[in-house]
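Structural features, examined
So the chains spell out like this:
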Amino acid sequence: MYSKSESAPTRRDILRGAAGLVAGAALNWNPLRANARANDRVVVAINQMPPTLDYSLAGGGVNAVRPLLDNIIEGLVARTPTGDTVPALAEWTASPDAQVIRFNLRRGVRFHNGAPFTSADVEFSHQRLSKHAPLYRSRTRHLQEVRVIDEHTVDFHFKGSGLSFVRSAVLQIFSKRHHDDVGERRFVADPVGTGPYRLARYRHFEYADLDAFEDYWGGKPEIPGARLVFVQEDMTRVAMLRSGEADVIMATPFAMVPMLREAGYPSVQADVHPTFSVRFQLANRNTPWADRRVRLAIAHAIDAPAIIRGLFGDMPKHYAGFAPGELGYDPVLMPYPYDPGLARALLKEAGHANGFSMPLTYWANSYYGIRETTEAVVLYLKAININCEVAGIDTTQGLSMNRSLAKDPNGRAVTIAPALLASYADPIEAMRQGYHSSSAYSWYHDAEFDSLVTRAMQSTDATVQASALRECARKLHHDLPIIPIWNNVVVYSMRAGLSFAATARDIPSMLLKNLRFSS
């Protein structure tokens, strides 16, 4: 509570305090990596540190391996820069009820080791991912059988519609012959795929060298070789670009984009997953935030547009539900407006006129901007007498927390974390995995919501799916298991003479085949 002589902080005070860390980082760039420049290779500084070179063993770190491995390993389907799902290693057809998905494999495709791509590789990859990858098991929970028809045809039989499996693009294809030839240990350390690039050299925690694959089925890519340097510190990537040590940087800090553009470094951006949100553990009905009025008060206490404008240069978007153009988008649904007076009144009505203390855990070192967002939220909530006990955890710990507290009646947790909502490849899967009661990660439990998700999952009619998804978004907006703050945007900055097509509605990645030399 503020005394008469101590006024509550203004929005300008809040954003000035939260921006201090950003400004400090800009003035204190880390020393440059002496070994980053790699002769004739294009050098790309990426913000992710791959924990493994095997998709199936990545666990909660699967998003961190994608900027590297998506260049080496491909799936049966792929994403266009606009986020649409298209055939890659296979075309697909669906039975009238969509319970059988037939993949007709592309002929003439070879792995980097020269082995031909066949149905045996699809079956092997499915079995490997089913054994080791929790996310894949989740996406195939209704899969009943994988049936090899012939060398170039595979049927996937589902209990219910299998179209979500196609849209998810989670089946990455490994070479069975490679595993048979070299064994498990080397298979994990030396990935072999059908992708446009093959791994030439790898130094853990430092970089990976990639060479264009001469026999790539899609045609040899324009960039002959690249070095992907793993640089998690945001301002170090900026410094590398400005010094000429990097040609491209991934996940450019939003505040630095105008300065880089003015200095002659072009950039491109894409709306991507996730939606950064305040997220409430609701299985414990004895916390202040179990009361919807408290969650609504918190929604009105946070000035999300000011955070986006003041900290991030107005680059991210702020949607209440799905984004325009997505299935289930509702133009009527709007974010709750900033109104600290109403927030205080709601807290008083809920019996918390003097405020309370609340744990607030954020996913540190996972995404650009999440730490600065947390600092701003802490100050906004302090202004309505909610004192936050702040702690940072990594992505693996965050996923573990999601699972362990999902149904814990004694759990006490509020997080600022990535949430499944807008710009996810499959909005139906976003609703299921993020908020359905059966999901191991969901902190929200509502029978009506569950039935809406089930309706969308079981239908093959886009009109029915869109209607159910709109109702899902309205339920989330009303019940407030999450409060969306801003929708992620990934920005790629580069030296003059290069152009890049970024992929939207997906996890941020770095597909080198979309990088070009420009005039």
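Look up: the structure comes first, before these words.
Residue positions within a chain follow its written sequence, with the count starting from 1. Side-chain atom pairs in this predicted model are given and counted only at pLDDT of 80 or more, local residue features only at pLDDT of at least 70, and totals for whole chains, interfaces and linings cover all residues. By convention in this description, side-chain values take in all heavy atoms of the structure and omit both hydrogens and water.

**Regarding the sheet that holds strand β14 (residues 386-393)**
Threshold: The pairing criterion is simple: DSSP has to find at least two bridges between the two strands. Numbering of helices and strands starts at the N terminus; helices are DSSP runs of H or I of at least 4 residues and strands are runs of E of at least 2. It only takes one pair of heavy atoms within 4.5 Å for two residues to be counted as in contact. Interaxial angle, 0 to 180 degrees, is taken between N-to-C directions of lines fitted to C-alpha atoms, where a helix line uses only the stretch in contact.
The strand order β8-β9-β10-β1-β11-β16-β12-β15-β13-β14 describes an open sheet built from 10 strands, whose pairing is mixed. One side of each edge strand has no neighbouring strand; the edge strands of this open sheet are β8 (197-203) and β14. When strand β13 (residues 356-363) meets strand β15 (residues 414-419), the two strands line up parallel, connected through 2 bridges. Across the sheet, Tyr362 pairs through a bridge with Ile416, a residue of β15. Across the sheet, helix α2 (residues 62-69) lies against β1 (42-46), β8, β9 (207-212) and β10 (225-230), angled at about 155 degrees from β10, the strand it touches most. Packing against the sheet, helix α9 (residues 292-301) makes contact with β12 (267-280), β13, β14 and β16 (482-494), and its axis sits at approximately 40 degrees to β16.

**Here we look at the sheet that holds strand β4 (residues 90-94)**
With respect to topology, 4 strands assemble into an open sheet ordered β4-β5-β7-β6, the strand pairing being antiparallel. Either end of the sheet is taken by a strand with one partner, and the two such strands are β4 and β6 (143-150). Neighbour-to-neighbour, the strand axes of the sheet open up by a mean angle of 20 degrees, direction not taken into account. Across 6 bridges, the pairing between β6 and strand β7 (residues 153-158) is antiparallel. If you follow Arg147 over to β7, its bridge partner there is Asp155.

**Section: the packing of aromatic side chains**
This is how the line gets drawn: Within 6.5 Å between ring centres, the rings of Phe, Tyr and Trp (the latter by its six-membered ring) count as paired, and their orientation is classed by plane angle as stacked under 30 degrees, edge-to-face over 60, tilted in between. Burial status follows relative accessibility: with a 1.4 Å probe on protein chains alone, a residue under 20% of its type maximum counts as buried, one over 50% as exposed, and anything between as partly exposed.
By the definition in use, this model includes 21 aromatic pairs. Ring plane angle 25 degrees and centroid distance 5.3 Å describe the contact between Phe156 and Phe165, whose orientation is recorded as stacked. Of the residues examined, Phe156 reaches a relative accessible area of 0% and is grouped as buried. Arranged with centres 5.3 Å apart and planes meeting at 70 degrees, the rings of Phe276 and Tyr367 form a pair that is edge-to-face. Of this pair, Phe276 sits in strand β12 while Tyr367 sits in the loop between β13 and α12 (370-382), placing them 91 residues apart in sequence. For the pair shown, Phe276 and Tyr367 are each scored as buried.

**Topic: the environment of Val491**
Mapped onto the fold, Val491 is located in strand β16. Each C-alpha atom of the pair Val491 and Ile46 lies 11 Å from the other, and the pair is 445 residues apart in sequence. Among residues more than four places away in sequence, those in contact with Val491 are Ile249, Met250, Ala251, Thr252, Phe254, Val257, Ser267, Val268, Gln269 and Met315.

**Thoughts on the packing of helix α15 (residues 447-458) against helix α16 (residues 462-479)**
The test is simple: Working rule for angles: under 35 degrees goes down as roughly parallel, over 145 as roughly antiparallel, 65 to 115 as roughly perpendicular, anything else as oblique. Each helix crossing is assigned a hand: it is left-handed if the near helix lies turned anticlockwise from the far helix by less than a right angle, otherwise right-handed if that turn is clockwise. Gly falls in the polar group here, along with every residue not listed as nonpolar (Ala, Val, Leu, Ile, Met, Phe, Trp, Tyr, Cys, Pro) or charged (Asp, Glu, Lys, Arg).
For the pair α15 and α16, interaxial distance at closest approach is 8 Å and the crossing angle is 155 degrees. When the axes of α15 and α16 are compared, the pair comes out roughly antiparallel. As for how α15 packs across α16, the hand of that crossing is left-handed. Contacts between α15 and α16 pair Glu448, Phe449, Leu452, Val453, Arg455 and Ala456 from the former with Val464, Gln465, Ala468, Glu471, Cys472, Lys475 and Leu476 from the latter. Among the residues making up the contact of α15 with α16, the classes are represented as 8 nonpolar, 1 polar and 4 charged.

**A word on the pairing of β4**
The sheet contact formed by β4 and strand β5 (residues 100-105) spans 5 bridges and is antiparallel. Across the sheet, Trp92 pairs through a bridge with Phe103, a residue of β5. Hairpin connection from β4 to β5: 5 residues lie between these consecutive antiparallel strands, with Ala98 at a positive phi of about 65 degrees.

**Remarks on the side chain of Arg41**
Using the following cut-off: Under this definition, polar contacts are N or O atom pairs within 3.5 Å; protein pairs additionally need one hydrogen-donor-capable and one acceptor-capable atom, and for neighbouring residues in sequence, both atoms have to be side-chain atoms.
Relative to the helices and strands, Arg41 resides in the loop between α1 (11-27) and β1. You can call Arg41 buried: its relative accessible area is 17%. Among the polar contacts listed, one links the side chain of Arg41 to the side chain of Asp211, at a separation of 2.8 Å. Contacts of Arg41, omitting those with residues within four sequence positions, involve Ala200, Asp209, Leu210, Asp211, Gly225, Ala226, Arg227 and Asp247.

**Describing α12**
To keep it simple, the criterion reads: What a helix should span is 1.5 Å times the count of its residues minus one.
The end-to-end C-alpha separation of α12 is 18 Å, in line with the 18 Å expected for 13 residues at 1.5 Å each. For α12, the set of buried residues is Ile370, Glu372, Thr373, Thr374, Ala376, Val377, Tyr380 and Leu381.

**Some words on the pattern of salt bridges**
Any two side chains of opposite charge can pair, so long as their charged atoms come close to each other. To keep it simple, the criterion reads: Salt bridges are identified by distance alone: a Lys or Arg side-chain nitrogen within 4 Å of an Asp or Glu carboxyl oxygen.
Within this structure, the stated rule accounts for 30 salt bridges. A salt bridge links Asp506 to Arg79, with the shortest nitrogen-to-oxygen separation between them at 3.5 Å. With Asp506 in the loop between β17 (498-500) and β18 (515-517) and Arg79 in strand β2 (residues 77-79), the pair connects residues that are 427 residues apart, well separated along the chain. Assigned by exposure class, Asp506 and Arg79 land together as buried. Of the charged contacts, one joins Lys475 and Glu448 as a salt bridge, the two residues approaching to 3.6 Å between their closest N and O atoms. Of this pair, Lys475 sits in helix α16 while Glu448 is found in helix α15, placing the two residues 27 residues apart along the sequence. For Lys475, a relative accessible area of 15% puts it in the buried group. Look at Glu448 and you get partly exposed, because its relative accessible area is 48%. Shared partners join several salt bridges into a network, and the residues in it are Arg41, Asp209, Asp211 and Arg227.

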